[in-house]
Structure formats: C-alpha cells, structure tokens
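Fold and contact review
Each chain, letter by letter, is given below.
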Amino acid sequence: MASAADAARRAENEKTRSRWLLSAPALVIIFVAAIGPLFVMLAYSFMAKGDYGDVKYGQFSLDGWFSVFLQRDIFDDTIGIAEAHLSIIWRSVRLSVITTAVTLLLGFPTAYFIATRPRHTREIWVFLVTIPFWTNLLIRTFAMQQVIRNEGILNTLLMWLHVIDEPLQIMYSDWAILFGMVYVYLPLMVLPLYASMEKLDFRLIEAGYDLYAGRLAVLRRIIIPLVKPGVVAGSILVFIPSLGAYVIPRVLGGGKNMMIGNLIELQFGAGRNWPLGAALSIALMAAVMVALLFYVRNAARSGAQHG
Amino acid sequence: MARHFDIRSQPGFPLIALFTFAMLYLPIVTLVVYAFNASDSVSQWGGFSLRWFADAWDNSAVQDAALRSIIIALCAATIATIAATMAAIATTRTAPYRGLGVKYAFINTPLMVPEIVTAVALLIVFSRIKVWTGYSGLGYLIIAHTAFCIPFAYLPIRARLESMDSTLERAAADLYATPWMAFRRVTLPLLRPGIIAGFMLAFVISLDDVVITEFVKSGGQDTLPTYMLGQIRRAVTPEINAIATAFLALSVILVTAFFFINRRKT
Amino acid sequence: MNWKMTAASAAIALLGLAGTAMAEGNLNIYNWGDYTSPELIKKFEDKYKVKVTVTDYDSNDTALAKIRAGGHGFDIVVPSANYLPIWVKEGLLLEARPDQMSNFKNVDERWVNVPWDPGRHYSVPWQWGLSGIGINKKVYSGDINTSAIFLDPPKELVGKINVEPEMNDVLFATIKYLGGEWCTTDKALLKKVRDKLVEAKPKWLAMDYSVTEKLPSGDYAAVYYWNGAILRSRLKNPDIAFGYPKEGYPVFMDSVAILKDAKNPENAKLFMNFIMEPENAALISAFAKYANGIKGSEQFFPADMKGAPELNVPAQFEKAGEFLATCAPEVSELYARIWTDVNK
C-alpha cells in the first residue's frame, strides 16, 4: 500500500520536475532581462537621488517612496497628499479601463467573425489584422492624425453625412488618446480571443438552439463562457500596456496631459529624480500585480462554474 | 426543424468586424497615399511623385535601421514563441502545484513594468557586461526584446491550450505514442492557431519598441523606431511613409504567397 | 514557419554586427537624431579614409545616462550647453584642447569664452539656436516679440497655440516674463510662474514636436519653438513670421566633445578640426537649419538660409537672449514639481 502511494508521489514529483524544466527557458530569459533589472530598480528606489540623474550609491533614503503619495508643498512647506500624482494615476486608470472595454466590444465580434471563416482562410484574416501593425507605432500615430484632425477623413465624412455642422476638435484631447489606444491595442485583444474561439465546439451551440435558446442566450450562456480564457488574456494584454502608454498621450494627446508613463519618464529625464521614478513604477507594478491575481482567480472560479 | 440560418452567425457581428477592419486600414491607406506626395509634408497634398521612394532607396541609414528592426523582431519573436509554448504547456491543464501562481506572475512581469524602468535597469546591467566581455553585438537587444515578447506570445497560446480538451492526447498515449510523438502529432497541430497568434503579436511588439532599444543599443545599432524618434523632434518627411509602404507591399506579397500555399494543401 | 531560415539569419546578424567595430580607422559619433548631415560624414570619410558610424539619441538625459553606464563604444558626443558642465564634472570628457587646433581661428569670438567651457578646452561649436515665437501673420498682426503670445494670448490665437514640450525652455520664458532670473528659488515668484502656466495651458492646443508640419498647414497659428523649425516652416509658408521674446528667451548651443574612454581619440580630434572649417560647418547648418558659430560659413549657406531673420538676432533683442545655465539639483527638483503640477 505504502509503496503504491510512494510510486504515485514519485510520478507526481517527476511530472512537476518536467514542468519546471519546460518552463525554464522562459523563466530564465525573463529573470535575466526583466526581473533581475527590477531588483536593481528596487534598490534604486531606496537610495538618495544623484545630483544630475542616477542615484548616490549606497546612500539610503526614503525620499523616493515618500514622494510617491505625499509631498511637501512647494510654497508653504506643509505636508500633504501628492494630489498631482493621484490625478495622473486616476486619468490613466480611467482611460485604460475604457480602452479595454471598447477593444473588447470591437474585438469580440471581429475574432468571432474570423473564427467562423472557412478553415484555410482564417490565418489570412489573422495576418490581415496584424499587417497594419508591421508599420512602426510612430508612423501609425502620424497616420492616425490624418484621420482625426479637423480637416481629416472622419470630420469630412461626418460633415458630409450632416451629423455635425462644424469639425469636432478631436486631436489633442482625451478622445484622441482613447481613439489611439483602441487602435493600437486592438490586435492584442483580437488575437488571443481568436486563439480560444478557433476551436469552439459548434455542436454545443447547435444543442443550444435545439433547446430553443435565442441567439443572445447562445452568445451569453454558451459562447462567452467557452472563450473566457481568451477574454481574460486579451483584457490583460490591453489593460496593462495602456496603463503605461507613453507615445500615444504624447503625440495624439498633444502632450498636454500626462499619463503614468509620462510621469515616470519625466523622473528619469529632465526631472532627474531616479528614486522617485523607481518607486513610482514599483508601486504601479505592485498594484497591477494584485489586481491581476485577483482578476485571474475570479475568472478561473467563474470559468470552473461554467464547466 | 428546418433552419435557414447558419448556427454560427451572430447578428451584427460581421458588420462590427467590417467596421473594425475599416478602422484598422483607414490610417494605413492615408499613409500609403502620402508616400506618393510631391511636397515634403505628411498632411498637405502637393501632387504625385516618387521622389520619397528614391530618397529612401538612397538613404542607407534608414535601410540599415529597417533591416535591423526586422532581424531583431524575427529572432526575438521566434525565441519568445518557443519558450512561451513550452511554458504554456507546463502551466495549463494541470492540477495546481506549488509555484504555479508564482510562475504565472513571473512570466507576466515584463507586461507590468513600465518600459523606461526596464530600459534604465537593463542599461546599467548590460553595460557592465559589455565592459567585462567586450561583446557589444545585437545579442543584448535580442535578449531584451525576447523578454518582453514572452508574455505576448504566452497569453494567446495559453488561452488556446485552456480551451482545448486533452482527450486526443490521452488517446494518443493509450495507443502507445511516446510523449514526444503525441506532442508532435496531436498537441502541436491543435495549438497551431495559438502559436501563430502569439508569434505575430510578439513580432509586432518587438518591431514597435522604442524606449528599451534606445537605452540598450550600442553604437551603430539604431532600429527604425529609434531612428524615427530623432525625426519627430525635427521634421517628419514622407520618406518614412515610403519605407512603410515598401514594408506593407512586402507583407502583402508574403500573405498572398502564404494564402496560395495553404490552399494547395487543402 | 521556417525555423531554419530564422536561425540562420539570427546567426548572420550576431556574427555580422559584432564584427563592425574591429577595423582601424573608425569613428563612432553619438549625436541627436536627424541632426548629422550625411554629406558632411561622407566628405570626412573620403578625406581621412575613416569609417564613421552615427548613432542617435533623443535627449540629453538619455545620452548622459548611457555614457555614464559605460561600455558604450562611442568617441564623440554632442551635449547641450547646460549639460556640458555636468559631463566635465563627472569626468566623462577628454580634455582635447580644440583651442590649440589649426582651424580654431575660425570660431566666432562670441563662442570662445563661453560659461560652460571657458576657453574651449573640451568642445567646439556644432550648432546653436534659440526658442522664439513663430506666428501666422494672417491670423494675428500685433506685436510678436513677446512671450505674451503664449502666456497671455490675444483672443485670435486662443486654442491655436503650440508650445515646445521642454520643461526648461518653457519655465525659462515664463520666469523671465514675470521678471525673475533663471534658477531662481524665490517661492513667491515661482508660485506666480505655476499659476501663470496653469492659467495659460487651457488656451494652448498642444505641446508637440510637429511644428514644421502643422504651423505651415494652419493647424497652429502660433508656436513657442526652436528657430530652425520655424525657419523651415516659413520656407513652406511665407505667412510665417518669427519673433524674439523681449522679456527673455533661452539660447542653446550643442557642442562636439570627445569622450574620455574613446577608442579612436585621434580620429575624433580630426573630426573636431574638420568641422571648424567654414565650408564644412555650412554643411551642418544646411542640413539642420541652425546657425553654427563658425566665422565665414554663411557664404557657403544655401540661398534660402542666407540672412534668414530666424538666424540673425537683431541688435535690440540680443540682450534678451540667455543661455540656459545648469541649475543646482534642488532647483531642478523644484522645477520638475512645478512642471508636474502644470501637466497633471
């Protein structure tokens, strides 16, 4: 009896070991080029800032962390909440949530459309989704300006349709940033969705219709639960990068309003406050990490319920 | 019951898909149009001309940068996809085991770290290594790109694996297929759409990277995005559009070829 | 997917690019992006049989961080005036003594005894310029030689202004406009500076770099921006005029310096001497459209740059121009916080 249990445990250990081996290459690369450097940054966040960028090595200081949420008022020296930082964080979160929602609304039908094409053309559609993105991001944002500027295609079209009488000022507003982020992050939503839809078992849908379910019910009760992993993956891939977006707020938003990415960049650039930059990004990362774990756990639970 | 509707279709979906594709291609169309602009503006039309293609053809700096971008993206996306596929197999469809959650978080960290932070940290680490080893080739850029490409390849592949059931693989095992054979003949073909999606994402993400590249690159290693960064500060000319257009033409040819090869198979 | 081909191209890439830095007769230049005339480089390569590699950076801070980290392999760098003292202080530059080189006689006296490199022991002028007002005369015809254009904009211009997204240049103009001195720590004044910027910002359309595109096209009616870009805009649209803010405007100069750990210091010195030749300096300016600080180079300028109002400061506004000095670290921190407040 005992030996049988031992054998089972040994087999289980064997499996776990092979799983670690399989994931080793990814883990090693990420450790070398992402996690390792992060420790450097963690150390930096606890050092005093250098006079002209960089840090003073070995000189411990909590100033970086102190200034993430609190600040000594520039003018009367009272200590208060770093209101500027909070309002920048809030607008970043707000814009990223909306971006994720919109990409999901557009991406879901698109991925579904691709997944229901004849088999040999599906990969062509996938290519078609990504081709615009073979063009560099900066060039794309310039091209996008052509669409949304006052004399651009969108305004011309709307005016021609008599929806509006005079051009909408979209450029250099939050709308432009939203538009840009949705555009840029759309394939990050479509591709994971497609990957999990492609193998959708349509017999289940047929069964649904046989039970007199309406289209909406089929979509809600059968399709969405089945492709949940794709929804989770896509939302993560869109939400997190848009939180740290840097180029888009700068070019389309006209650089007038910062997002977190720009705030952090400022600390490593002209602001010359590397410890604050490091502390800000580690705080951001920790927050995202917690949210992510929560989200994945929740998604896993509701996924399990649906079978 | 006679159904005259396709059970796969959902009302409005094709319309939204159409809208999405139109939205994706509208800016690209304007970009291509302005590549043929005679004036040196990317927004004021000044007549038809091929001068920017000629300029781009003569500009070896831009060509080198474009070529370098593609090489880095191909290498990074390939390595990242292989590593991500292995990792995805190791982290899905299994009873939870110790370290699973940590692994998941680990693989996704590159997503969560703002680029500038990785960039500065990598600069500090890699420049030490450059001094020690004397090697300053493209390897550093490829490793850096591979790392942030991994989650982009991993998530679609994992999503695909999760929506796959393991019956077929078990059947293969029952028929005495070695694990490798089962993987090669059963799992891999089923995984294919996920792998393609992951590879494409990784490739695109690598092509776009500016900040990390800017900090990690050594002398003479400008990529197209870092080359462009200098241009936006001063003046952008349709030369960039011309290069992008050439790229697009190339990718369209590739896709067409792919289409015909695929069709012959079926 | 064809793995073999990918692997092969990877191997070629690794081998091929590792090998370039080996041969003798190299020069590695690290300069601002889109700032180095290819013609100049070609001429230098042909004359001295040296292979030149140019690599771009996009900000003084990036360049400084990279060189400081080491292992970069560059010979020459082109920092701005306000950063040069930091480079010297941190011991990153070679004291190349360009003041003893044969072509040094061509350097305009004005650029010899400069505060950031007195007597020019480290660096030679590359290009210099200033931030001023660019305006579309069709939209506004009042006085344009004032920072009021973007700080207290006339109503014709509200919502059509673009301001250079550079913290120091914008703060400089605002502090001067309110009667202060650069690097001031006077809290009462700085409070006014912040309030002025917070009040003015909603009247701006953007803080963006695409001036040469959008000023001529009419998207912007007024800009606070670098003179070279406004010159380019005027060449595209003759309605563009240039104004020198009389309250004070920042002047920049980027200078060529040799790195202490340069692998090819001799070639770098040749290059330094080479660009002090008027004809060669003119090539630099013809490409990037800024003035260069070398006497006699203007006769080699392209016709559209000769006597350009953007490049020749009228005597009455000469006094108003001032170099952006390097402020003390505490001051920089204060300014960064004001800037964050303005941009939240």
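Residues numbered from 1 in each chain as written. Chains lettered and ligands numbered in written order. Predicted model: local features only at pLDDT ≥ 70, side-chain atom pairs only at ≥ 80, totals over all residues.

**Some details on the overall build of chain A**
- Looking only at helices and strands, chain A has 13 helices and four strands in total.
- Relative to the globule expectation of 19 Å for 307 residues, the C-alpha radius of gyration of chain A, 24 Å, shows a markedly less compact shape.
- Referenced to the eigenvectors of the C-alpha coordinate spread, the extents of chain A come out at roughly 80 × 70 × 35 Å.
- Here chain A holds 307 residues, and the buried ones make up 51% of them.
- If you take every contact in chain A between residues at least 6 apart in sequence, the share linking residues at least 24 apart comes to 65%. (Helix = DSSP H or I, 4+ residues; strand = E, 2+ residues; numbered from the N terminus. Rg over C-alpha atoms; globule rule 2.2 N^0.38 Å. Buried ≥ 20, exposed ≤ 12 C-beta atoms within 10 Å, placed from the backbone. Contact = placed C-beta atoms within 7 Å.)

**Quick notes on the overall build of chain C**
- Counting secondary structure elements, chain C contains 13 helices and 12 strands.
- Here the C-alpha radius of gyration of chain C, 22 Å, is about what a compact globule of 344 residues would show, namely 20 Å.
- Along the first, second and third principal axes, the C-alpha atoms of chain C reach 60 × 60 × 45 Å.
- With 344 residues in all, chain C has 51% of them scored as buried.
- Counted over contacts in chain C with a minimum sequence separation of 6, partners at least 24 positions apart contribute 74%.

**Topic: the interface of chain C and chain B**
- At the junction of the two partners, chain C supplies 35 residues and chain B supplies 38 residues.
- Those elements that provide at least two residues to the side of chain C that touches chain B are helix H1 (3-18), strand E1 (26-32), strand E2 (51-57), helix H3 (60-69), helix H8 (211-217) and helix H9 (227-236) of chain C.
- Here the side of chain C that touches chain B takes seven residues from H1(C), the largest share from any one element.
- Per-class residue counts for the side of chain C that touches chain B are 14 nonpolar, 15 polar and six charged. (Nonpolar A, V, L, I, M, F, W, Y, C, P; charged D, E, K, R; others polar.)

**So, the interface of chain A and chain B**
- Listed as interface residues are 86 residues of chain A and, on the opposing side, 87 residues of chain B.
- Ranked by the residues each element gives to the side of chain A that touches chain B, the list is headed by helix H1 (residues 2-45) of chain A, at 18 residues.
- The residue inventory of the side of chain A that touches chain B, partitioned by class, reads 63 nonpolar, 15 polar and eight charged.

**Here's the deal with the UniProt feature "domain: ABC transmembrane type-1" (unreviewed entry) in chain A**
- Mapped onto the present numbering, the UniProt feature "domain: ABC transmembrane type-1" (unreviewed entry) falls at residues 89-295 of chain A.
- Helix makes up 75% of residues 89-295 of chain A and strand 0%. Its end C-alpha atoms lie 20 Å apart. (UniProt positions renumbered as here; feature names shortened; annotations may be inferred.)

**A look at the domain arrangement of chain C**
All names here are of chain C.
- Along its sequence, chain C is organised into domain 1 (24-128 + 252-305) and domain 2 (130-251 + 312-343).
- A C-alpha centroid distance of 27 Å is found between domain 1 and domain 2.
- Counting residues at the interface gives 11 residues for domain 1 and 11 residues for domain 2.
- Considered class by class, the residues forming the side of domain 1 that touches domain 2 number eight nonpolar, one polar and two charged. (Domains from an automatic or database assignment.)

**Describing the confidence of the model for chain A**
- Taken as a whole, chain A shows an average pLDDT of 84; of its residues, 96% reach a score of 70 or greater.
- Considering each helix and strand of chain A separately, the mean pLDDT is smallest for strand E3 (residues 70-72) of chain A, with a value of 77, and largest for helix H3 (residues 83-115) of chain A, with 93. (pLDDT = per-residue confidence, 0-100.)

**Remarks on the UniProt feature "transmembrane region" (unreviewed entry) in chain A**
All names here are of chain A.
- Per the UniProt entry, the sites bearing "transmembrane region" (unreviewed entry) are residues 20-47, 95-115, 124-143, 175-195, 230-248 and 276-296 in this numbering.
- Along residues 124-143, the helical share is 70% and the strand share 0%, with 24 Å between the first and last C-alpha atoms.
- Note that residues 230-248 is 84% helix and 0% strand, and that its end C-alpha atoms are spaced 26 Å apart.

**Digging into the pairing of strand E9 (residues 222-226) of chain C**
Residues and elements named next belong to chain C.
- Most of E9 is tucked away, with five of its five residues classed as buried.
- Sheet topology places strand E6 (residues 123-136) next to E9; five bridges connect them, and they run antiparallel. Residue pairing across strands places isoleucine 133 opposite tyrosine 224, the latter belonging to E9.
- Bridge count for strand E7 (residues 161-163) against E9 is three bridges, and the pairing is parallel. Its bridge partner lying in E9, valine 163 is registered against tyrosine 224. (Pairing = 2+ DSSP bridges.)

**Some remarks on the environment of C:Ser217**
- Along the chain, the position of C:Ser217 falls in helix H8.
- Of the residues examined, C:Ser217 has 18 C-beta atoms within 10 Å and is grouped as partly exposed.
- It is 33 Å that separates the C-alpha atoms of C:Ser217 and C:Tyr30, two residues lying 187 residues apart in sequence.
- Apart from the residues lying within four places of it in its own chain, the contact partners of C:Ser217 are B:Ser41, B:Ser43 and B:Gln44.

**A few points about the packing of H3(A) against helix H10 (residues 228-243) of chain A**
All names here are of chain A.
- The contact between H3 and H10 brings their axes to 9 Å, and the two run at 145°. The two elements H3 and H10 cross, and the hand of that crossing is right-handed. Seen from H3, the contacting residues are Ser92, Ser96, Thr99, Thr100, Thr103, Leu104 and Gly107; seen from H10, they are Gly234, Ser235, Val238, Phe239, Ser242 and Leu243.
- Classifying every residue of the contact of H3 with H10 by side-chain character gives four nonpolar, nine polar and no charged. (Axes fitted to C-alpha atoms, helices over the stretch in contact; angles between N-to-C directions. Left-handed = near helix turned anticlockwise from the far one by under 90°.)

**Here's the deal with the confidence of the model for chain C**
Residue and element names in this part refer to chain C.
- When pLDDT is averaged across chain C, the result is 90; 93% of the residues are at 70 or more.
- Every residue in residues 1-6 is under pLDDT 50, and counting partners more than four places away or in other chains gives three contacts.
- Contacts of residues 12-23 to residues separated by more than four positions or lying in other chains number 15 contacts, the stretch itself having pLDDT below 50.
- Predicted complex metrics record ipTM = 0.83 and pTM = 0.84.

**Some remarks on the environment of A:Leu38**
- Mapped onto the elements of the fold, A:Leu38 is located in helix H1.
- Given 21 C-beta atoms within a 10 Å radius, A:Leu38 is considered buried.
- Considering only alpha carbons, one finds A:Leu38 and A:Ile282, 244 residues apart in sequence, at a separation of 8.4 Å.
- Excluding residues within four positions of it along the chain, A:Leu38 makes contact with B:Val113 and B:Ala121.

**A few points about the environment of B:Thr245**
Residue and element names in this part refer to chain B.
- By secondary structure assignment, the location of threonine 245 is in helix H11 (residues 239-265).
- Look at threonine 245 and you get buried, because 22 C-beta atoms sit within 10 Å.
- Along the backbone, threonine 245 and serine 41 are 204 residues apart, and their C-alpha atoms lie at a distance of 16 Å.

**Some remarks on helix H4 (residues 119-130) of chain A**
- For H4(A), the set of buried residues is A:Glu123, A:Val126, A:Val129 and A:Thr130. On an axial view of H4(A), the arc spanned by its buried residues comes to 110°, and they lie on one face. (Arc of directions from axis to C-beta.)

**Thoughts on the packing of helix H5 (residues 115-133) of chain B against H3(C)**
- Orientation of H5(B) relative to H3(C), taken along the N-to-C sense of each, is 25°, at an axis distance of 9 Å. Between H5(B) and H3(C), the interaxial angle falls into the category roughly parallel. Remark: the crossing between H5(B) and H3(C) carries right-handed chirality. Together, B:Val120, B:Leu123, B:Ile124 and B:Ser127 of H5(B) and C:Ala65, C:Lys66 and C:Ala69 of H3(C) make up the contact between the two elements.
- Class assignment of the residues belonging to the contact of H5(B) with H3(C) gives a composition of five nonpolar, one polar and one charged. (Parallel < 35°, antiparallel > 145°, perpendicular 65-115°, else oblique.)

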